[in-house]
Structure formats: structure tokens, C-alpha cells
Amino acid sequence: SPEKIISKTALRVNSITAGFGERILFRESSFSLPTGSKTALLGDNGTGKTTLLGKIWAKEKGISVSNGVKIGYFSQDFEVLEYGKSILENVMKESIQPEWIVRTVLARLLLKEDHIYRKAAVISGGEKVKTSLAKLIVSEANLLLLDEPTNYLDIYSMEALQQLVKKFPGTVLFISHDRKFVKEIADRLLILEDKKISTFEGGYTGYVESKKSNASENEKKNEIMKLKMKMADLAAKISITGSKEEIEFLDKEYKNTAALLRELTLKYKSNE
């Protein structure tokens, strides 16, 4: 295990803004990462997820880490690898673990014994991902930033990585387009949407259910608003019409609409 962090909060982000020129990705956003948490960063493409990880890695203004925090960063360009060294040499270089543990981690990531002596320059994209991740897992890093770690991995390798990340004793903030990976690992979420970052304390399943619930509530509110507008429109027509038959028809419509409104309002309140 890497060094344990004493503080209950591994990292704090206070009122940060990011953008390019006149384009703002997110503004005045704040959040924290509880020590030991596994947090998924969700958002559409181009909303600034990778930019945020880069800012945290660089510890830019507004970003503070607790004493003892050591950050490890997996980026999509494999910048932690030395291409002239073998897989085993790359992982061993900054490892705080003995070689037998390093070999075990490599095996858990489905890197075969005869492959770990290959130079990083000639291995496949999937093997580069595994090597980079293994290098971080056995290092002194106790806060991992993972940017799309499942890219290039087959389903078996993804499951192996999933188990390693779940059992990693430190703190993890990760981006992944694979919803199964997010569902299995994340115990909380950061949502990058509408140029702001919000926190959801719970897993992906709970988040999806809450969105469905919110959508249902909005539909009910919209239906109530439509009925109120219809009643106002009918009342206006009743006040200006001179035909007795038309008044009776409009009055009937008004009463029926009022009854629907009462029914929907009572149903809405009973579900709260």
C-alpha cells in the first residue's frame, strides 16, 4: 500500500475556471475528493474533463492537496513510459514494491511472462495502457488521476483493471466512457455540465435513477402549468363571449380542466 493520507479530504478545488480564448469550459467551480474515494468525472466530449485533470496534475491556483498526497497521472499519450526500456523496467523504475509484486500486478493485467521483457516502443496500445497503469499502481502515488484508462483494452483486460482499481487503497479520480466500468468502481460522481461542476454523492446507478426522477417531476410540473394556462385561457374567453351556448360549453371545459388539475396536484403531492 502507498502512504496513507491522514486528512479526510485528499484534494480540494476552489473556484477554478477553464477555457480557450472566449470559449469557457467551466467557471467558478469547487469540489473536494474524500480520502479513499473512487470518483468518476462525467461529461460530454469537449466539456473540459481532460483539462480539469491536467489542472489538478499541475496543481494550478485554487487546487490544494493534503499533506502526504502524491499524485499519479495516467494520460492518453502514455507520457510516463520510457520507450527504450522494457515493460518490466518501466514499471520497476519508480516502484515502491518488490519485483514479485510488480510481476503479480502485470500478470493480473494479463501481461504474459514473455511479454514483459519487450521494449515499450514496440508493444501494442493495450499493452502500453497496462504498463502505464501498472507503473502508477506500484508507485508511491496515493491519488490517481486516470484519463480514459479503458481505451485499447479488451473485455478481459477491462475486468482485470476494474478489480485492481477497486482494491487500490488510495484515492482515484477517473474519466471513462465505459459506463460498466464507471458503475462498478465509482462511489461518487463529478458532473461537468452547463459550464459548471456538480457533485453527486452516490454511484452511477443512483445518478441515473435520480435523473429519471427529476425528469418525471419536471413533466408533472409542466403538465400542471399547461392546465393552469388552459384554465386562464378559458376564463378569458368566458368573460368576453356573448353566446349562452358558448358560455355553457366553455364553463364545462373549465370545470373539467379544474378537476384534472386538482387530481394531478393531489397525486403529485402524495408522491413527494
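Rules behind the numbers
- Residues numbered from 1 in each chain as written.
- Predicted model: local features only at pLDDT ≥ 70, side-chain atom pairs only at ≥ 80, totals over all residues.
- Heavy atoms only, no water.
- Helix = DSSP H or I, 4+ residues; strand = E, 2+ residues; numbered from the N terminus.
- Expected span 1.5 Å × (residues − 1).
- Buried < 20%, exposed > 50% of the residue type's maximum accessible area, 1.4 Å probe, protein only.
- Contact = heavy atoms within 4.5 Å.
- Polar contact = N/O pair within 3.5 Å; in protein donor to acceptor, adjacent residues only side chain to side chain.
- Salt bridge = Lys/Arg side-chain N within 4 Å of Asp/Glu carboxyl O.
- Core = buried A, V, L, I, M, F, W, Y, C linked by side-chain atoms within 4.5 Å.

Visitor: What's the story with helix H5 (residues 155-167) in this structure? I'm lost.
Guide: The periodicity of an α-helix, 3.6 residues per turn, causes residues three or four positions apart to be oriented the same way. Here H5 contains 13 residues, and its C-alpha end-to-end distance of 19 Å stays within 8% of the 18 Å for a straight helix at 1.5 Å per residue. Listing the buried residues of H5 in full gives Ser157, Met158, Ala160, Leu161, Gln162, Leu164 and Val165. In this structure, the buried residues of H5 make contact with strand S3 (38-42), helix H3 (99-108), helix H4 (125-137), strand S6 (143-147), strand S7 (171-175) and helix H6 (179-185). Between the side-chain oxygen of the N-cap and the backbone nitrogen of Tyr156 there are 3.1 Å, and the N-cap of H5 in question is Asp154.

Visitor: When you look at the pattern of salt bridges in this model, what are you seeing that I'm missing?
Guide: Two side chains that carry opposite charge are able to pair once their charged atoms sit near each other. Per the stated rule, a full pass over the model turns up 8 salt bridges. Across the salt bridge formed by Asp251 and Lys255, the nearest N and O atoms sit 3.3 Å from each other. On the criterion of helical spacing, the pair formed by Asp251 and Lys255 is a turn pair, its members being 4 residues apart in helix H8 (residues 244-270). The exposure class of Asp251 is partly exposed, given its relative accessible area of 30%.

Visitor: What should I look at first to understand the nonpolar core in this one?
Guide: Proteins that are soluble and globular tend to have nonpolar side chains buried together. In terms of nonpolar packing, the biggest core is built from 41 residues, with Leu42, Leu106, Leu146, Phe174, Val182 and Leu189 touching the most fellow members. The biggest single contributor to this core is H4, with 5 residues. Those residues in contact with Val182, other than ones at most four positions away along the chain, are Ala40, Leu42, Phe174, Ser176, Leu189 and Tyr204. Membership of the second largest hydrophobic core comes to 25 residues, among which are Leu25, Val69, Ile71 and Leu145.

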